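# Observations on chain architecture
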Amino acid sequence: MAESVASAAVQNVTNQAMTYASHYVRYFFCYGEIVQDFTNQRKTLESKIQRVEICVEGAERQNEVIYKDVENWLTRAKNELKETQNLQDEIDRVKCFKWCPKWGWRYFLSKKLAEKTPIISKLLETSNFAQVGYRGSLQGIEFITSTDFMYSESSKSALNQIMEAIKVVNMIGLHGMPGVGKTTLAKEVGKHAREQKLFDKVVMFTMSQNPDINKIQHKVAAVFDLKFRTDIEDTRAEELFRCMQRVNKILVIVDDLWEELKLETIGIPFGDDHKGCKILLTTRQQQVCSKIKCQKEIQLGILSKDEAWVLFRDQAGLEDDCSILNEVAKEVAGECKGLPLAIVTVAKALKDRSLDEWRDANQRFKDSTHLYDEVLGGVLEPLKLSYDYLKKGNNQMTGNHIQMCFLLCSLFPGDYEILLELLIICGIGLGLFPNVYSIEDKRKRIVEALKKLQKSGLLLETDGADTIRMHDVVRDFAHSLTLKGENRFMVKNKLKEWPDMVESFEYYTAIALWDCSSNIKNFPEKVEFSKLKTLFLHGEEDDLLVVSSTFFEEMKALQVLLLVNVNFSLKGFHFLPNLKTLLCTECKVENFSSSLINMRRLEILVLTETEIDEISEELVKLSTLKYLRLSGVKATMKIPPKLVSR
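Residues numbered from 1 in each chain as written. Predicted model: local features only at pLDDT ≥ 70, side-chain atom pairs only at ≥ 80, totals over all residues. Heavy atoms only, no water.

The name given to the protein chain in an unreviewed UniProt entry is NB-ARC domain-containing protein, with the source organism recorded as Gossypium tomentosum. The UniProt entry for the protein chain carries the following comment under Sequence similarities (unreviewed entry): "Belongs to the disease resistance NB-LRR family." (UniProt positions renumbered as here; feature names shortened; annotations may be inferred.)

Right, dumping it as structure tokens:
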């Protein structure tokens, strides 16, 4: 028995010795194999890191959020690569002493390499990621871009009141006159709410006078990463309603509200339906806050004289000194009546101007009477100053055409995101920049004009690079410019009855009628607008406005015709000798092919989602045509051979 125990003990010791000896022998005699294995694995890891980094960079360019395990793997892998660099350096040093190897050094190096190689192998085994990132929910461009928020006494007080109120009440109303900074303050509230993590989600949208519920629903849905399954407005509202109910704390900012809002039409749960949903609304009219039963009403006032000067000085790029220019600038700033919109617009218009130009501007303020003073609090005259300065640095013709680009924008409804392409083709049709001949060069000049309007503060950027927007107050100002003079405009929304014709109607040069009811009363068979150059006629969605073929006959000066949701005939178009731009969207056009021959001066033809009879050989006879766009056209497509070359 004793012999058996002794034998087992000896065997155990022997096995341990052999195991130890085998590792020792391997470290000593398999140095080359261990080095090669380590080097190969390390190079593979280096390549794998590069591949994962390329995938991560691609995902980040697509605004994807990188998975945590991917980030952790990259961190570990890079650290491991960095830590093993000294081992690689030692390998290279050993190679330099082949003629007299240091056996002890090689042994310990071999041991280190053998211990590191499995760690690298493990990293490689866990490096195969199907995806490195995912699309995160949008946060809203309003809260990730910088704003021109100024911490005046009134704005600080209003901000503090709102931030306290959203903790205890569910509906807050912020009201004030146009241009006072309600939207800017609302954005600042949203940024504070996000930074302080008071809510799980913060969303902001604009209602305006004619809200686009479809657009609003999609904007809100994007914040909640919701993809609608239907195009039906009510069904979308229900989907949005259920989705938002699953989020605990939500702040909804409703900007520029004009009348009582029924949140359920959009799909926003509120009150008993969602106790954690808070609403902040901005409006020009205090009575809107009362109608919607805001639990807290806050008024945003104008800036004090000192606050107005600080904002004006910063926007105009002036130094804080006692120069003569600053003395004149302070007087000009005072004429802006403490209204931030006017201050910013005028300051930008006069930035980098000479002392004489500042003095001229100041004198004009003192000599003139403000338009619509009782409504807009003196904002229009400062805006006119900015408008007049569009001619500075340009010849008379170029200045006039830049101003016409501005007036064209006023033909669109309030808060409308205007497509640059639409402004371009309208501008070309009106003959802007006639000394430029190619379509591409005209496009560049009109885009430059619109950029200048943006820089002057008369137009606003949007989230999209292909659209532009006009502030409502600036739009009101533009309309005041077209009440008389050579550019006489009429813009009406949601027309239910044809306006009474008065003698002055024949002097209009541009008319825009939006969302005209298909049952509009007294719609005429024919109207005489002898000076009309631009006509926008927009019927209601899914309900075509039927227009007589004789309706256009007495518009002999017409150059630009934009029709949306209209059923009409081209039969009478031979009475339009000056028509250069025809744009039809979601229309039904009769006598299209047979009437093309009557539009010999047409330069731009755009048909989108429009029903016509066919595209025929007559299209080739439009010898002046420079721009042709057909998209979603419902017709017998008989494209004439060699159409473009002919």
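### Side note on the overall build of the protein chain
Counting its secondary structure elements, the protein chain contains 22 helices and 22 strands. A separation threshold of at least 6 residues defines the contact pool for the protein chain, and within that pool the share at least 24 residues apart is 62%. Accessible area for the protein chain stands at about 33,000 Å²; split by element, carbon and sulfur atoms hold 49% of it. (Helix = DSSP H or I, 4+ residues; strand = E, 2+ residues; numbered from the N terminus. Contact = heavy atoms within 4.5 Å. Areas by Shrake-Rupley, 256 points an atom, 1.4 Å probe, with all protein chains shown as cover.)

### Notes on the nonpolar core
Among the nonpolar cores identified, the biggest contains 52 residues, and Phe-406, Leu-407, Leu-423, Leu-450, Leu-453 and Phe-536 are the most heavily contacted of them. Secondary structure elements with two or more residues in this core: α17 (380–388), α18 (396–409), α19 (420–429), α20 (439–455), α21 (472–481), β12 (510–516), β15 (560–564) and β19 (604–608). Counting residues domain by domain, this core receives three or more from each of domain 4 (379–460) and domain 5 (485–645). In this view, Leu-450 contacts Cys-405, Cys-409, Leu-420, Leu-423, Leu-459 and Ile-468; residues no more than four positions away in its chain are not counted. Counting residues in each nonpolar core, the second largest holds 46 residues, with Ile-172, Val-328, Cys-336 and Tyr-389 among its members. (Core = buried A, V, L, I, M, F, W, Y, C linked by side-chain atoms within 4.5 Å. Buried < 20%, exposed > 50% of the residue type's maximum accessible area, 1.4 Å probe, protein only. Domains from an automatic or database assignment.)

### Overview of α21
The α-helix advances 3.6 residues per turn, and as a result positions three or four apart in sequence lie on the same side. Here α21 lies mainly inside the structure; eight of its 10 residues are buried. Considered for burial, the residues of α21 that qualify are Asp-472, Val-473, Val-474, Arg-475, Phe-477, Ala-478, Ser-480 and Leu-481.

### What to know about the packing of aromatic side chains
Under the defined criterion, the tally for this structure stands at 18 aromatic pairs. Aromatic pair Trp-514 and Phe-536: ring centres 6.1 Å apart, planes at 80°, arrangement edge-to-face. Here Phe-536 lies in strand β13 (residues 534–539) and Trp-514 lies in strand β12, a separation of 22 residues in the sequence. Comparing Trp-514 with Phe-536 shows no difference in burial state: the two are buried. In textbook terms, an aromatic cluster arises when at least three aromatic residues are bridged by ring pairs, as seen for Trp-498, Phe-523, Phe-551, Phe-552, Phe-568 and Phe-573. (Phe/Tyr/Trp six-rings, centres within 6.5 Å; stacked < 30°, edge-to-face > 60°.)

### So, the layout of surface pockets
Estimated volume of the second largest pocket: approximately 700 Å³. Lining the second largest pocket are 28 residues, and of these Tyr-387, Leu-407, Leu-481, Glu-486 and Asn-487 sit closest to its centre. No other element matches α18, which puts five residues into the lining of the second largest pocket. Both of domain 4 (379–460) and domain 5 (485–645) provide at least three residues apiece to the lining of the second largest pocket. (1 Å grid on protein atoms, 1.4 Å probe; cavity = no way out; pocket = protein on both sides within 12 Å on 5 of 7 lines; lining within 4 Å. Points joined across faces, edges and corners; volume = space filled by probe spheres on them.)

### A look at the environment of Phe-575
On the secondary structure map, Phe-575 appears in the loop between β16 (566–569) and β17 (581–585). Residue class for Phe-575 comes out partly exposed when judged on its relative accessible area of 27%. Sequence separation between Phe-575 and Lys-556 is 19 residues; the distance between their C-alpha atoms is 6.3 Å. If we skip the residues at most four places from it in the chain, Phe-575 touches Glu-553 and Lys-556.

### Some thoughts on the sheet that holds strand β10 (residues 467–469)
Strand order in the open sheet made by the three strands is β8-β10-β9, with antiparallel pairing throughout. Every other strand in the sheet has two partners, leaving β8 (418–419) and β9 (460–461) as the edge strands with one partner each. Of the pairings in the sheet, the one linking β9 to β10 comprises two bridges and is antiparallel in character. Across the sheet, residue Leu-460 finds its bridge partner in β10, namely Arg-469. (Pairing = 2+ DSSP bridges.)

### Remarks on the pairing of strand β6 (residues 277–283)
Taking burial as the measure, the seven residues of β6 include seven buried ones, the bulk of the element. Across five bridges, the pairing between strand β3 (residues 171–175) and β6 is parallel. Paired with Gly-173 across the strands is Leu-281, a residue of β6.

### A look at the sheet that holds β17
Sheet architecture is open: seven strands sit in the order β11-β12-β13-β15-β17-β19-β21, paired in parallel fashion. One side of each edge strand has no neighbouring strand; the edge strands of this open sheet are β11 (489–493) and β21 (627–631). Going from strand to strand, the sheet's axes swing by 5° on average, the running direction of each strand aside. With five bridges connecting them, β13 and β15 associate as parallel partners. Within β15, the residue paired with Phe-536 across the bridge is Leu-562. (Axes fitted to C-alpha atoms, helices over the stretch in contact; angles between N-to-C directions.)

### Some points on unusual backbone geometry
One non-glycine residue, Phe-433, lies in the positive phi region at around 50°. In this fold, Phe-433 is placed in the loop between α19 and α20. The phi torsion at Asn-565 lies on the positive side, around 55°, for a residue other than glycine. In this fold, Asn-565 is placed in the loop between β15 and β16. Overall, Asn-565 belongs to the buried group, its relative accessible area being 4%.

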